[in-house]
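# Descriptive analysis of the structure
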Amino acid sequence: MPTRQEQLLDAAIAILGAQGVRHLTHRAVDAAAGLPVGSASNYFKTRDALVEAIVDRFAAREQAAWETIAGVVRPNTPDELASALAAFVHRATNQERATTLARYSLFVEAALRPTLRGKLAETSDAIRDWAAQWLRDLGSADPHADCRLILDQLDGIMLHRLAFPDPAADPTQQITKLVRAVLGPTAS
C-alpha cells in the first residue's frame, strides 16, 4: 500500500502524463489523489519541491520496472533482444502512454532545471548497465556505447509514436534493423 506521499506523487505523475506540466498544481494533485485540499502542500511546500519529489518517485518507479524486466528478459540472439525491446516500446506507447509522456515531461524539466538531472541520470545509468549486459552477452565489442546508441534511438522511436500515433505501425522491424546494425554480423 503506497504511503500518502507516494499517492500524491503518483497522482502528480498521472497529471503530467495526461495533462502536461502546466496543469501540475498542488490543488490538482490533491484532487487527482482524492485527498483533502492542502495535502500536497503539506508535503511539498513549493512547486519546485513537488517537481523534485516527482523526479525522485518517478526514478524509483522506473528503476523498479527495469529491475523486473532485467530479471525476466534473457535474450539469446539479437532478434530476441529486438523483439523484447519492441514489446517494451509498444507497451510504453500504448498501455503505459501516460507514464511515458510524464517521463518526457520530466526530461524537459531537467533540461530547463539542471538540479533535476542527477536523479534521472542515475536511474538512466542503472538501466543502461542492465541493457549493456544483454549486449555484452550477445557479443558486443563495446556494450556501453552500443547500449547508449540503442536506448537513445528507442527514445526517439517512442517520442515519435507518442507525438504521431499510428495504431497500425509496428516498431519491431525498425528495432530489429537497429539492433542488427549495432551488433553487426559477429553477434551471437
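Above this text you will find the structure in question.
Figured I'd write up the structure that's included with this text. Note that the coordinates shown come from a computational prediction; the quantities given were computed from them, not determined experimentally.

It is worth spelling out the nonpolar core at this point. Ranked by internal contacts, the top residues of the largest apolar core, which has 29 residues, are Leu85, Trp134, Ile150, Leu154, Ile175 and Val179. Those elements giving two or more residues to this core turn out to be helix H4 (47-72), helix H5 (78-93), helix H7 (117-137), helix H8 (143-163) and helix H9 (172-183). Leaving out residues up to four positions away in the same chain, Leu85 has contacts with Trp134, Ile150, Leu154, Ile175 and Val179. Counting 24 residues, the second largest nonpolar core, distinct from the first, contains Ala40, Phe58, Ala102 and Leu116.

Under the defined criterion, the tally for this structure stands at four aromatic pairs. Ring centres of Tyr43 and Phe44 lie 6.0 Å apart, and the angle between their planes is 40°; on these two criteria the pair is classed as tilted. Ring geometry for Tyr104 versus Phe107: centroids 5.8 Å apart, planes at 85°, classification edge-to-face. Here Phe107 and Tyr104 lie together in helix H6 (residues 97-112), a separation of three residues that amounts to about one turn. Put simply, the rings of Trp66, Phe88 and Trp134 pair up and form one aromatic cluster.

What follows deals with the pattern of salt bridges. Evaluation of the coordinates by the stated rule reveals 11 salt bridges. Arg57 is paired through a salt bridge with Glu6; the nearest N and O atoms lie 3.6 Å apart. Of this pair, Arg57 sits in helix H4 while Glu6 sits in helix H1 (residues 4-19), placing them 51 residues apart in sequence. Residue classification places Arg57 among the buried positions, given a relative accessible area of 18%. In this structure, Glu52 and Arg113 form a salt bridge, with 3.9 Å as the shortest nitrogen-oxygen distance. Residue Glu52 is found in helix H4, and its partner Arg113 is found in the loop between H6 and H7; the two are separated by 61 residues along the sequence. Here Glu52 falls in the partly exposed class, since its relative accessible area comes to 38%. Residue classification places Arg113 among the buried positions, given a relative accessible area of 17%.

Time to look at the packing of H4 against H7. The N-to-C vectors of H4 and H7 enclose an angle of 10°; their axes lie 9 Å apart at closest approach. In terms of axis orientation, H4 runs roughly parallel to H7. Of H7, the residues touching H4 (which contributes Val55, Asp56, Ala59, Glu62, Gln63, Trp66, Glu67, Ile69 and Ala70) are Lys119, Leu120, Thr123, Ala126, Ile127, Trp130 and Trp134.

It is worth spelling out the environment of Ala126 at this point. Relative to the helices and strands, Ala126 resides in helix H7. The exposure class of Ala126 is buried, given its relative accessible area of 16%. For the pair Ala126 and Ala65, spaced 61 residues apart in sequence, the C-alpha to C-alpha distance is 12 Å.

This brings us to H4. The end-to-end C-alpha distance of H4 is 37 Å, a good match for the 38 Å that 26 residues give at a rise of 1.5 Å each. Burial in H4 covers these residues: Leu50, Val51, Ala53, Ile54, Val55, Arg57, Phe58, Ala59, Glu62, Trp66, Ile69 and Ala70. Tucked inside the fold, the buried residues of H4 contact H1, helix H2 (26-33), H5, H6 and H7.

Relative to the elements of secondary structure, Val55 occurs in helix H4. Distance in space between the C-alpha atoms of Val55 and Leu106 is 6.9 Å, their sequence separation being 51 residues. If sequence neighbours within four positions are ignored, Val55 has contacts with Leu106, Leu116, Lys119 and Leu120.

Calculation rules
- Here the residue numbering is sequential within each chain, running from 1 through the sequence in written order.
- pLDDT decides what is reported in this predicted model: residues at 70 or higher carry local features, side-chain atom pairs at 80 or more are listed and counted, and totals for whole chains, interfaces and linings draw on all residues regardless.
- Hydrogens and water molecules were not included; the side-chain quantities draw on all heavy atoms of the structure.
- In this text, buried Ala, Val, Leu, Ile, Met, Phe, Trp, Tyr and Cys residues form a nonpolar core when linked through side-chain atoms within 4.5 Å.
- Three exposure classes are used, based on accessible area relative to the maximum for each residue type with a 1.4 Å probe and protein chains only: buried under 20%, partly exposed in between, and exposed over 50%.
- Put simply, DSSP marks the helices as runs of H or I at least four residues long and the strands as runs of E at least two long, and each gets a number from the N terminus on.
- Two residues qualify as a contact provided that any one of their heavy atoms is within 4.5 Å of a heavy atom in the partner residue.
- In this analysis, rings of Phe, Tyr and Trp, with Trp reduced to its six-membered ring, are considered paired at centre separations within 6.5 Å, and the interplanar angle assigns stacked below 30 degrees, edge-to-face beyond 60, and tilted for intermediate values.
- Here, a salt bridge means any side-chain nitrogen of Lys or Arg that lies within 4 Å of a carboxyl oxygen of Asp or Glu.
- Axes here refer to lines fitted to C-alpha atoms; in helices the fit is confined to the stretch in contact. Angles between the N-to-C directions go from 0 to 180 degrees.
- The cut-offs work like this: below 35 degrees is roughly parallel, past 145 is roughly antiparallel, 65 to 115 is roughly perpendicular, and the gaps in between are oblique.
- In this analysis, the expected span of each helix is defined as 1.5 Å times one less than the number of residues it contains.

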